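Summary of structural features
Chain by chain, the residues run as shown.
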Amino acid sequence: MKIPLTLKKLFRRRIVLAAGICLLIVVAVALLANVVSGYDPNDTAVRERLSAPTAKHLLGTDELGRDLFARIAFGARYSLTIAALTAIGSIVLGTLFGLVAGFFRRLDAPIMRVVDAMMSFPDILLAIALVAILGPSMLNVVFALVLVYTPRVARVVRASTLVVRELLFVEAARAVGVSTGRILLRHILPNLMSPILVQASFIFAYAILAEAALSFLGVGVPPEIPTWGTMVAGSQQYAHEALWIVLFPGLAIILTALSLQLLGDGVRDLLDPRLKKSM
Amino acid sequence: MNSSTILPAGTRLDVRHLSTFFDTDEGLIRSVADVSFSIRPGKTTALVGESGSGKSVTSLTLMRLLSRTASTQVSGEAMFTNRAGQTVDLLSLPEAEMRRIRGNEIAMIFQEPMTSLNPVFTVGEQIAESVRLHMGLDRTAALAHALRMLELVEIPAAKQRLHEYPHQLSGGMRQRVMIALAMACNPTLLIADEPTTALDVTIQAQILELMRRLQAETGMSILFITHNLGVVAHHADDVAVMYAGRIVEAAPVRELFAQPRHPYTQGLLACLPAQQRKRELATGQTGAKRRLYAIRGQVSSPLAPPPGCAFEPRCDLAIPPCRDAMPALLAAGPTRAARCIRVEETATATVETA
């Protein structure tokens, strides 16, 4: 197949390659957290609390003497899991609604008005309200973020569906006797893959930031679960004496989100034929 | 070429009083009005007319492919005789039955080969889809069938092309793929909606020749929709000329070209440079530069049709009664008809002599 060639093209731009490597490292650290960290993320060592980065504690320790590197590594697991579930959930739902709204004109207005209504709330505010109602837990955070990001996906997918459904091959498929469901899934959906992929990468990045923000504000995952957001939130009052406590989880958030955005940009440029020539 | 254009016996498709309306914001538009024609087994009927005359809407109505959201109203009937000899009305068939007919009994090829193939699937997969839907073959068998179809439409290196994507093929090649796709289930009726308009002239000739060969081999009927009179003269058996949603003249092809009886048909033929030269030679006026004949005016808006004959405002033979009512399709001989109240005179009076 052509996948290796496409990947080669994608990573020909150095910034995209750097983003890809960065993400690879984050994912590897998350997967191998118990191997690479050497500490339990919740083990406290009061005597070593607020230790600056040393050979023993690579990134230092927090106010309870927990190893920061271990917490960041395990935090990557939770943060990435939340982001991935959010991305998958909102892509699936958003694609479903967008496809239906774009294809069945009768359902377009009802669906899109609900989408507009949801998008009229500020993202974080809506998520805060939802988690506040549902109670803080990892699944509830995912649920809230899916609700926040589904409308975005639905919009993009609907717009692309409107374009694709008018193309002649859809009519040709109908003329061959293909049923409506099959036309939607087999003929229209594959043509929407590029905008959907791009949305997925952006939502992944947004979700990491949003989870961090929610946890920082105290309405995210419970504080005992180490996510990058809870780490920054829990340690903020010690920031002026031990900058590393917030610096390293913050850097992890920034690097991961930035890498995802860059990768998303790269995918978009690769798939957008109008930009192809400039590459 | 006898009375079969009038008698329904031995017809593949018999369309009677077909009308299609579009409900638009500006009002109800009659896009196709009281259209009747028939197609004989193994023969080609051409629908000729300019853009907006209702040719394509007629074909889409027959296939029931008009978008359900376009608020269309259809009346009339279209009796189709399938392979098994049963006759069904395409316009009143349940959707599920209709889907079994589409692509199987009646296939369609479109004007734009560049956009009528799905860009994300190989051509083999697209041909195989139709075969799997209608003939129930599995993936491997369907692909093998697709390969045979590509060979049938004379695509070189068919085995390799099978696994290529539409963008890797030229326009003519794609139209061959479209034909292969249409022929995949061995249809009894092929609707060809301007199949060669987007192609250059040499490719056009090849595609038409291919269609003619396939027709001779399979005995399918063809409904040929075009505005190209030259193509009609060579490839059609019967012709129906459409103007503003109505058939204005219907005749076997030889009769139509030898002696057009409706002023619009006369005008169309007079527009051809070859016809002009023939006239000049006949009258001895060679050499002198003369303007090519053109039908004056424009097609009237479907929202404000003229009170009488739709062609009256542009007609060189118009007389005051033409403004009173839309003429019926009047017999102009045993096998032909024209929608003109002066049809008795048009054998001698033509738009050019007027």
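Structure's up top.
Quick look at the structure, then. (Residues numbered from 1 in each chain as written. Chains lettered and ligands numbered in written order. Predicted model: local features only at pLDDT ≥ 70, side-chain atom pairs only at ≥ 80, totals over all residues.)

Attention shifts here to the overall build of chain A. A tally of regular secondary structure across chain A gives 13 helices and zero strands. Summarising its shape, the C-alpha atoms of chain A cover approximately 75 × 45 × 30 Å along the three principal directions. Across the 279 residues that make up chain A, the buried fraction comes to 46%. (Helix = DSSP H or I, 4+ residues; strand = E, 2+ residues; numbered from the N terminus. Buried ≥ 20, exposed ≤ 12 C-beta atoms within 10 Å, placed from the backbone.)

When helices and strands are tallied, chain B shows eleven helices and twelve strands. Structurally, chain B occupies a C-alpha span of about 65 × 50 × 40 Å along its principal axes. Across the 354 residues of chain B, 47% fall into the buried class. Considering only intrachain contacts with a sequence separation of at least 6, the fraction spanning at least 24 residues in chain B is 64%. (Contact = placed C-beta atoms within 7 Å.)

Another point: the packing of helix α4 (residues 68–103) of chain A against helix α10 (residues 193–216) of chain A. Residues and elements named next belong to chain A. For the pair α4 and α10, the least separation of the axes is 8 Å and the interaxial angle reads 135°. Viewed along their axes, α4 and α10 adopt a mutual orientation that is oblique. Considering the relative orientation of α4 and α10, their crossing is right-handed. Two secondary-structure elements touch here, α4 through Ser79, Ile82, Ala83, Ala84, Thr86, Ala87, Ser90, Ile91 and Thr95 and α10 through Ile196, Gln199, Ala200, Ile203, Phe204, Ala207, Ile208 and Glu211. Considered class by class, the residues forming the contact of α4 with α10 number eleven nonpolar, five polar and one charged. (Axes fitted to C-alpha atoms, helices over the stretch in contact; angles between N-to-C directions. Parallel < 35°, antiparallel > 145°, perpendicular 65-115°, else oblique. Left-handed = near helix turned anticlockwise from the far one by under 90°. Nonpolar A, V, L, I, M, F, W, Y, C, P; charged D, E, K, R; others polar.)

Looking down a regular strand, the side chains alternate between one sheet face and the other. Residues and elements named next belong to chain B. Strand direction decides the pairing type here: strand β1 (residues 13–24) and strand β2 (residues 27–39), joined by nine bridges, are antiparallel. Bridge pairing in β2 places Phe21 opposite Arg30. Counting the residues in the hairpin turn of β1 and β2 gives two residues. In the sheet, β1 pairs with strand β4 (residues 72–81) via eight bridges, with the strands oriented antiparallel. (Pairing = 2+ DSSP bridges.)

What follows concerns the sheet that holds strand β5 (residues 87–89) of chain B. Residues and elements named next belong to chain B. Ordered in space as β2-β1-β4-β5, the four strands form an open sheet in which the pairing is antiparallel. Across the chains shown, the open sheet's two edge strands, defined by having one partner strand only, are β2 and β5. Mean inter-strand twist for the sheet, computed between neighbouring axes without regard to direction, equals 10°. Against the sheet, helix α1 (residues 55–63) makes contact with β1, β2 and β4, and its axis sits at roughly 75° relative to β2, the strand it touches most.

What follows concerns helix α11 (residues 228–235) of chain A. Taking burial as the measure, the eight residues of α11 of chain A include eight buried ones, the bulk of the element. Elements that come into contact with the buried residues of α11 of chain A comprise α4, α10 and α12 (244–271) of chain A.

All right, on to the interface of chain B and chain A then. Chain B puts 22 residues into the contact, and the matching count from chain A is 15 residues. If you list the elements that add at least two residues to the side of chain B that touches chain A, you get α2 (95–101) and α3 (123–135) of chain B. Counting residues per element, the side of chain B that touches chain A draws most heavily on α3 of chain B, at four residues. Grouping the constituent residues of the side of chain B that touches chain A by class yields nine nonpolar, eight polar and five charged.

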